[in-house]
Amino acid sequence: RRLMPLLTKFASRYPEITLAMDFNDRHMNLIDESFDVSIRITSRLAPGEVVRRLGESTLLTVASPDYLQRRGVPEHPDDLNEHDCLGYAPLLNGEAWAYLIDGEARRVRLPLRMQASNGDALVEAAMAGLGVALQPDFIVAEAVAQGRLQTLLQEFAPPPHGIYAVFPSSRFMPQRVRLLVDALQEGLSGDSLPAEG
């Protein structure tokens with residue numbers, strides 16, 4: 001949702017550069033797998049990683065108006081234990097969602113009603129009234145703007161995650177990679193969703 005419009009624009013601008021993309025959420029060894037760059041959204045970088053910050057993404061807690069009418073609006077992260085939560089699949093036995101509580105970062109472990117390895121699938125489930133989801137702003141922005149999802153618990157939201165270009169090493173960066181990263185930084189900096197929708 002966020003990268004493809006920028007990548008297609010880049011491909012049109014630089015037709016002599018070939019793009020080969022692999023969209024997945026696994027942590028990759030860029031050298032072993034012969035990648036020039038990886039785009040990662042994270043709040044924690046590994047020590048020694050060679051990165052360039054491209055922008056940021058905020059995680060938003062969302063649910064459909066229908067779900068909230070039936071189940072009530074959670075006023076505190078701890079209230080989520082009484083709700084159906086929709087979480088990211090790699091964490092199999094419940095998921096800890098991060099919130100700022102009393103000024104300190106705290107992870108709230110929640111039972112999950114549904115899991116998926118794809119944020120768009122979880123947003124579809126949330127719009128269908130199946131529960132509460134925690135997803136990046138760029139995935140939920142359209143549904144929030146349309147009133148299909150409402151943001152929740154924004155006063156407890158943790159700081160945004162950084163969006164980073166991660167490089168295989170600090171060795172020489174090819175011009176094609178530099179051009180791509182510059183284009184991504186220009187496109188990813190500064191676009192975010194308003195806090196409440």
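Residues numbered from 1 in each chain as written. Predicted model: local features only at pLDDT ≥ 70, side-chain atom pairs only at ≥ 80, totals over all residues. Heavy atoms only, no water.

Student: I keep staring at the environment of asparagine 81 and nothing clicks. Help me out?
Tutor: Note on placement: asparagine 81 falls in the loop between helix 2 (65-71) and strand 4 (85-88). Asparagine 81 sits in the partly exposed class, given a relative accessible area of 34%. Counting along the chain gives 31 residues from asparagine 81 to leucine 112, while the straight-line C-alpha distance between them is 9.4 Å. Every residue in contact with asparagine 81, bar those within four places of it in the chain, is listed here: Val108, Arg109, Leu110 and Pro111. (Helix = DSSP H or I, 4+ residues; strand = E, 2+ residues; numbered from the N terminus. Buried < 20%, exposed > 50% of the residue type's maximum accessible area, 1.4 Å probe, protein only. Contact = heavy atoms within 4.5 Å.)

Student: In this structure, what is going on with the pattern of salt bridges? I would like to understand it.
Tutor: Pairing between side chains becomes possible if they bear opposite charge and their charged atoms approach one another. Within the structure shown, the criterion is met by nine salt bridges. Arginine 52 is paired through a salt bridge with aspartate 182; the nearest N and O atoms lie 2.7 Å apart. With arginine 52 in strand 2 (residues 50-57) and aspartate 182 in helix 5 (residues 175-188), this pair connects stretches of sequence that are 130 residues apart. According to the relative accessible area criterion, arginine 52 is partly exposed, its value standing at 24%. For aspartate 182, a relative accessible area of 34% gives the class partly exposed. Residue glutamate 56 is joined to arginine 53 by a salt bridge in which the shortest nitrogen-to-oxygen separation is 3.4 Å. Residues joined in a network through salt bridges with shared partners are Arg71, Asp84 and Arg113. (Salt bridge = Lys/Arg side-chain N within 4 Å of Asp/Glu carboxyl O.)

Student: Explain the sheet that holds strand 9 (residues 150-152) here, please?
Tutor: Two pairing modes exist for strands in a sheet, parallel and antiparallel, and in both the strands are linked by backbone hydrogen bonds. In spatial order, the strands read 7-4-8-3-9; together these five strands make up an open sheet with mixed pairing. Of all the strands in the sheet, the pair left with one neighbour each is strand 7 (112-116) and strand 9. When strand polarity is set aside, the average angle formed by the axes of neighbouring strands in this sheet is 40°. Pairing analysis gives three bridges linking strand 3 (residues 59-63) to strand 9, with the strands arranged antiparallel. Directly across from threonine 61, in strand 9, lies its bridge partner leucine 152. (Pairing = 2+ DSSP bridges. Axes fitted to C-alpha atoms, helices over the stretch in contact; angles between N-to-C directions.)

Student: It is not clear to me how the side chain of threonine 61 should be interpreted in this structure. Could you clarify?
Tutor: Among the structural elements, threonine 61 can be located in strand 3. A relative accessible area of 2% places threonine 61 in the buried class. Within the local environment of threonine 61, its side chain forms a polar contact with the side chain of tyrosine 99, the two groups lying 2.7 Å apart. (Polar contact = N/O pair within 3.5 Å; in protein donor to acceptor, adjacent residues only side chain to side chain.)

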